[in-house]
Amino acid sequence: MSDTFEKEEFDNLMMNKLKAKKMCVDYLKQHTLEFHECLDTDNGSTGIVVALPHCYDCPDKRLEAELSFYDSCNEARVFYTQNAASWVEESTNKDALYRLMNFINARVWPQSHDGADGTLYSANCLICPRIYVTEDDSYDITATTMIDYNICDMAPLEVMDAVTVSMPQILNELSAPIFLLVLGKIDVETAMQLVREKFGME
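Rules of the game
- Residues numbered from 1 in each chain as written.
- Predicted model: local features only at pLDDT ≥ 70, side-chain atom pairs only at ≥ 80, totals over all residues.
- Heavy atoms only, no water.
- Patch = residues over 30% accessible without salt bridge, like charges linked within 9 Å, V, L, I, M, F, W, Y side chains within 5 Å.
- Areas by Shrake-Rupley, 256 points an atom, 1.4 Å probe, with all protein chains shown as cover.
- Salt bridge = Lys/Arg side-chain N within 4 Å of Asp/Glu carboxyl O.
- Lys, Arg positive; Asp, Glu negative; His and termini not counted.
- Charge placed at Lys NZ, Arg CZ, Asp CG, Glu CD.
- Helix = DSSP H or I, 4+ residues; strand = E, 2+ residues; numbered from the N terminus.
- Axes fitted to C-alpha atoms, helices over the stretch in contact; angles between N-to-C directions.
- Parallel < 35°, antiparallel > 145°, perpendicular 65-115°, else oblique.
- Left-handed = near helix turned anticlockwise from the far one by under 90°.
- Contact = heavy atoms within 4.5 Å.
- Nonpolar A, V, L, I, M, F, W, Y, C, P; charged D, E, K, R; others polar.
- Phe/Tyr/Trp six-rings, centres within 6.5 Å; stacked < 30°, edge-to-face > 60°.
- Buried < 20%, exposed > 50% of the residue type's maximum accessible area, 1.4 Å probe, protein only.

Caption draft 1: Fine view of a negative patch on the surface. Where like charges cluster on the molecular surface, the negative patch consists of Glu89, Glu90, Glu135, Asp136 and Asp137. Relative to the helices and strands, Asp136 resides in the loop between strand 5 (130–133) and strand 6 (141–148).

What follows is the structure, encoded as structure tokens:
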């Protein structure tokens, strides 16, 4: 068996963006999540946009996720609706919001879990998103992570659960402190205290 043949066989077994996208689509269909495929005209990457309903503490009671597939990794973003982004754009409390985002990224360590008391896999911090306000004038508040295809290959269920369950759960739990602050109902110290209480920091 030649070295060239062995490398080709190995490459065929490795996860790539086509296999990763198929893995995502299969998961979404199995879990009956509404989605559509898209193309990023800026960089030519293919993507999937997913509707995430039943996020009852979020504006409009829903979130959205977008997965973009690059050559060696995929980018997963979970974000609030356009209504929420418009509240951020019009807010006079952006400096306080940025301080709260810094506090969240320093202190909140989201865990993924299987929702079945660890029978499928143990709770873990395999996927650790960053939570921030986008700088593209859209004012989206998003949780974003980059996931290497080797991780998708080794832990496909954990990856997809993180994107469709754990990351949305984090944004749902953060919704009250974030948007009460954005709308000027509380100050940043109170917002931080709400985060501490929600995530058991005290």
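Caption draft 2: Layout of the packing of helix 4 (residues 94–107) against helix 7 (residues 188–198). Closest axis-to-axis distance for the helix 4/helix 7 pair is 10 Å, and the angle between their directions is 25 degrees. Here helix 4 is positioned roughly parallel relative to helix 7, judged by the angle of their axes. Considering how the two elements wind past one another, helix 4 and helix 7 form a crossing that is right-handed. In this structure, helix 4 uses Ala96, Arg99, Leu100, Phe103 and Ile104 to contact helix 7, whose residues at the interface are Val188, Glu189, Ala191, Met192, Val195 and Arg196. Looking at the contact of helix 4 with helix 7 residue by residue, the classes come out as 8 nonpolar, no polar and 3 charged.

Caption draft 3: Inspection of the packing of aromatic side chains at higher detail. In this structure the tally under the stated criterion is 2 aromatic pairs. When the centroid spacing of 4.8 Å and the interplanar angle of 85 degrees are considered together, the rings of Tyr80 and Phe179 count as edge-to-face. Residue Tyr80 is located in the loop between strand 4 (73–79) and helix 3 (82–90), and its partner Phe179 is located in helix 6 (residues 156–182); the two are separated by 99 residues in the primary sequence. The pair formed by Tyr80 and Phe179 is uniform in burial state, with each residue classed as buried. Look at Trp87 and Phe179: their rings are 5.7 Å apart centre to centre, the planes differ by 80 degrees, and that puts the pair in the edge-to-face class. Taken together, the positions of Trp87 in helix 3 and Phe179 in helix 6 put the pair 92 residues apart, joining distant regions of the chain. Here the aromatic cluster, defined as three or more aromatic residues joined through ring pairs, consists of Tyr80, Trp87 and Phe179.

All we've got here are geometric facts, nothing functional implied.
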